[in-house]
Amino acid sequence: MTTFAIVLAVLLATLFAAALVSRWWLRRAMLRPVRPAVAGAGADGCEGCPQVSLMAAAGGGGGGTSGGGGGGKKSRNLPDRRSFLRAGLGLSAFGALGGFGAASIAFLWPDLRGGFGAVFEVDDEDALLSEIDANNGRLSYPPGRALLVRYDPEDDPEGQYAELTDDQNARILALYQVCPHLGCAVPFCDSSQWWECPCHGSQYNRWGEWQDGPAPRGMDRFRVEVGDEGQLLLDTSEIISGPSRGAGALQQPPEGAHCV
Ligand code: FES
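Residues numbered from 1 in each chain as written. Predicted model: local features only at pLDDT ≥ 70, side-chain atom pairs only at ≥ 80, totals over all residues.

(A) Seen up close, the sheet that holds strand β1 (residues 119–124). Read from one edge of the open sheet, six strands run β1-β10-β9-β4-β3-β2, paired in antiparallel fashion. Across the chains shown, the open sheet's two edge strands, defined by having one partner strand only, are β1 and β2 (139–141). Taken over all neighbouring pairs, the strand axes of this sheet differ in orientation by 30 degrees on average, direction set aside. Against the sheet, helix α4 (residues 125–134) makes contact with β1, β2, β3 (146–150), β4 (172–176), β9 (221–226) and β10 (231–240), and its axis sits at roughly 75 degrees relative to β1, the strand it touches most. (Pairing = 2+ DSSP bridges. Helix = DSSP H or I, 4+ residues; strand = E, 2+ residues; numbered from the N terminus. Axes fitted to C-alpha atoms, helices over the stretch in contact; angles between N-to-C directions. Contact = placed C-beta atoms within 7 Å.)

The following block contains the structure:
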């Protein structure tokens, strides 16, 4: 179900509920039984009983003629102004809460149509590896906010990233492009072959493992899998925290000058 369909369903349900409540309330107010007005003393044989006008019984006040004056005829019991305003306020609050709830659901619901939060079928893995090699060791994948680098299980003998790489079947690591310090986008430094954040100088090796700077950990990442036909599946439904400082697997000193 798409986000749009969910929002539409919630809004329609809210409007339907509001219509039902208002209809119930109006019927209840209109059909409330009204005692016939006592036209005058002595109508029921009670001499000296106070006279009660139909308008007073209906809460209408004033001296108008609506309500079928005199003679014991039943009147439509129209809601008084205070009740009407109270009901209107209640319905407005109900509608506002429904709208707010729908907007919240729409905001929090993962975009399953293919936006960030979905599982992407990126491309054939071999083709991606060729692109990574041709692009100086990394590839950006904007729809998934991911940075793709080559992953070699021989550099990860203890299988630290096995869970992220389909039990080391995948040959690609997918890093989240956002710096875990304060959220800047992290560019690749072509000379050092590290990720180097221009905001406060955090540095990470090619696999996004912390090397220097104020960042509390290595770069966050995503799970990948290799599909039946060799395509890389990138799962952005969960952002996996990067390894803690000093917990990296890749031995990769800077290969040239730093950029920050
Ligand atoms: S945001 Fe990257 S080092 Fe501060």
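(B) Focus on the nonpolar core. Ala-146, Ile-172, Leu-173, Ala-174, Leu-175, Val-224 and Leu-234 are the most contacted members of the largest nonpolar core, which totals 32 residues. For this core, the secondary structure elements donating two or more residues are β1, β3, β4, β5 (188–189), β6 (194–196), β9 and β10. Take this core: its biggest share by element is five residues, from β4. Excluding residues within four positions of it along the chain, Leu-234 makes contact with Val-119, Phe-120, Val-122, Tyr-141, Gly-144, Ala-146, Ala-174, Phe-222 and Val-224. (Core = buried A, V, L, I, M, F, W, Y, C linked by C-beta atoms within 7 Å. Buried ≥ 20, exposed ≤ 12 C-beta atoms within 10 Å, placed from the backbone.)

(C) Seen up close, unusual backbone geometry. Not every positive phi belongs to a glycine, and Asp-166 is a case in point at roughly 60 degrees. Although it is not a glycine, Gln-168 adopts a positive phi angle of roughly 65 degrees.

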